[in-house]
Every structure is written in structure tokens, then in C-alpha cells.
Amino acid sequence: MTQRLGDLFQEIKDRIAKVRGLTNDEDVEPDDRIKIHNRAFLLFSLDCLLDEYRTKNASLYSALRGRDALHHLLLKKYGWTLYEIRSLTLADSLFAIQDELVFDKLPQAVQSYLRDNQWDKFNSTFDDLTDQEWDPMLGNGHFDLTQR
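Residues numbered from 1 in each chain as written. Predicted model: local features only at pLDDT ≥ 70, side-chain atom pairs only at ≥ 80, totals over all residues. Heavy atoms only, no water.

**Student:** Would you mind showing me how to read the packing of aromatic side chains here?
**Tutor:** What describes a pair of aromatic rings is the distance from one ring centre to the other and the angle between the planes of the rings. Counted under the stated rule, the structure contains seven aromatic pairs. With a centroid separation of 5.8 Å and an interplanar angle of 85°, the aromatic rings of F9 and F44 are classed as edge-to-face. Here F44 lies in helix α2 (residues 30–57) and F9 lies in helix α1 (residues 2–19), a separation of 35 residues in the sequence. The burial state of F9 is the same as that of F44; both residues are buried. Seen in terms of ring centroids, F103 and W119 are 5.0 Å apart; in terms of plane orientation they differ by 10°. Their pairing is stacked. Here W119 lies in the segment after α6 (108–116) and F103 lies in the loop between α5 (90–96) and α6, a separation of 16 residues in the sequence. Among the residues examined, F103 registers a relative accessible area of 17% and is labelled buried. An aromatic cluster of at least three residues, connected via ring pairs, comprises F9, F41, F44, Y113 and F122. Positioned above the aromatic ring of F126 is the side chain of R20, whose terminal nitrogen or guanidinium carbon lies 3.9 Å from the ring centre. (Phe/Tyr/Trp six-rings, centres within 6.5 Å; stacked < 30°, edge-to-face > 60°. Helix = DSSP H or I, 4+ residues; strand = E, 2+ residues; numbered from the N terminus. Buried < 20%, exposed > 50% of the residue type's maximum accessible area, 1.4 Å probe, protein only. Lys NZ or Arg CZ within 6 Å of the ring centre and 35° of its normal.)

**Student:** Before we go on, may I ask you to explain the packing of α2 against α6 in this structure?
**Tutor:** Helix-helix packing is characterised by the crossing angle of the two axes and by the distance between the axes. Interaxial distance between α2 and α6 falls to 11 Å at its minimum, and their mutual angle equals 165°. Here α6 runs roughly antiparallel to α2, going by the angle between their axes. In this structure, α2 meets α6 at a crossing whose hand is right-handed. For the pair α2 and α6, the contacting residues are F41, F44, S45 and C48 in the first and V110, Y113 and L114 in the second. Grouping the constituent residues of the contact of α2 with α6 by class yields six nonpolar, one polar and no charged. (Axes fitted to C-alpha atoms, helices over the stretch in contact; angles between N-to-C directions. Parallel < 35°, antiparallel > 145°, perpendicular 65-115°, else oblique. Left-handed = near helix turned anticlockwise from the far one by under 90°. Contact = heavy atoms within 4.5 Å. Nonpolar A, V, L, I, M, F, W, Y, C, P; charged D, E, K, R; others polar.)

**Student:** What am I meant to see in unusual backbone geometry here?
**Tutor:** Positive phi is not limited to glycine here, since L64 has a value of about 55°. Position of L64 among the secondary structure elements: in the loop between α2 and α3 (67–78). Assessed through its relative accessible area of 7%, L64 is described here as buried.

**Student:** Quick question: what am I supposed to make of the nonpolar core here?
**Tutor:** Looking at soluble globular proteins, one finds that nonpolar side chains tend to be buried together. Ranked by internal contacts, the top residues of the largest apolar core, which has 38 residues, are I12, L43, F44, L46 and I97. When contributions to this core are tallied by element, the ones reaching two or more residues are α1, α2, α3, α5 and α6. Of all the elements, α2 adds the most residues to this core, at 10 residues. (Core = buried A, V, L, I, M, F, W, Y, C linked by side-chain atoms within 4.5 Å.)

And the structure:
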């Protein structure tokens with residue numbers, strides 16, 4: 001379990017660094033490393049939350065793959081139209097579900113992983129959040145993140 005969570009976290013971190021143009025470790029400032037970790041913990045939590053959400057809400061006919069799980073969550077939570085939901089940026093979507101992304105609501109295995117990796121020590125953040133930083137297909141159930 002921990003290895004799969006670690007693999008997912010590393011993939012998310014690598015993607016953020018690539019999107020931000022911070023892939024050469026020798027040239028990355030320490031504060032930027034902290035920002036990458038912080039953002040990775042946020043998107044990792046989102047992927048884990050959506051994995052658990054898929055388990056409870058997906059069906060054989062609608063697997064809620066990728067961004068569909070986030071859209072379905074927003075649809076059920078707020079009753080917004082799909083047009084409204086699909087027009088949201090990632091930053092807007094995360095803002096709307098901020099109450100779902102709190103540490104205590106994450107699955108136990110995810111909480112343990114975050115705690116073991118000192119998630120609360122990385123407190124510097126990027127000023128913006130781009131849609132390109134998140135690959136909604138990474139945490140698409142093939143990690144079995146929540147030990148069902």
C-alpha cells in the first residue's frame with residue numbers, strides 16, 4: 001500500500017515540477033522544492049479523495065474516470081449544471097470542495113502516508129494553481145488507494 005501511495009505521490013510531484021519548469025534538481029531553489037511538495041500533497045489528497053469517491057459512487061456503466069469523478073462530486077454536492085461544473089478551473093473546483101480535502105476526512109491509509117511524510121511541514125505555496133498540474137487519470141483506481 002505505502003509503495004503505491006509513494007509511487008502516486010512521486011508521479012504527481014514530477015508532473016508539477018515539469019509543468020513549472022523545475023525539473024533540473026540542481027537548479028531548483030529550496031523554497032521551490034517546498035512549494036512542489038506542498039502542491040503535490042494537495043493534488044495527492046485530491047486523487048485519494050476521488051479514488052474513495054469512485055468506490056462509493058461509480059458503477060459498471062459509469063466508472064467516473066478522471067475528471068468525471070470530480071464533476072460528479074460537485075454535481076451531487078451543489079446541484080450545479082454540468083455546464084457550470086465543466087467551466088470551473090481546477091482552482092475553483094478545489095475551492096468548492098475544500099471542506100472535503102481536510103486531513104481528517106481522508107482515508108486512514110492516506111492520513112498515515114501524509115503523516116509519515118510530514119505533510120504539514122511544507123507550508124510555502126505557489127501563488128497560482130494551473131489546470132495542467134493535475135493529471136486526473138493518475139489516481140484512476142489502478143492504485144487501489146484506500147485498501148478496500
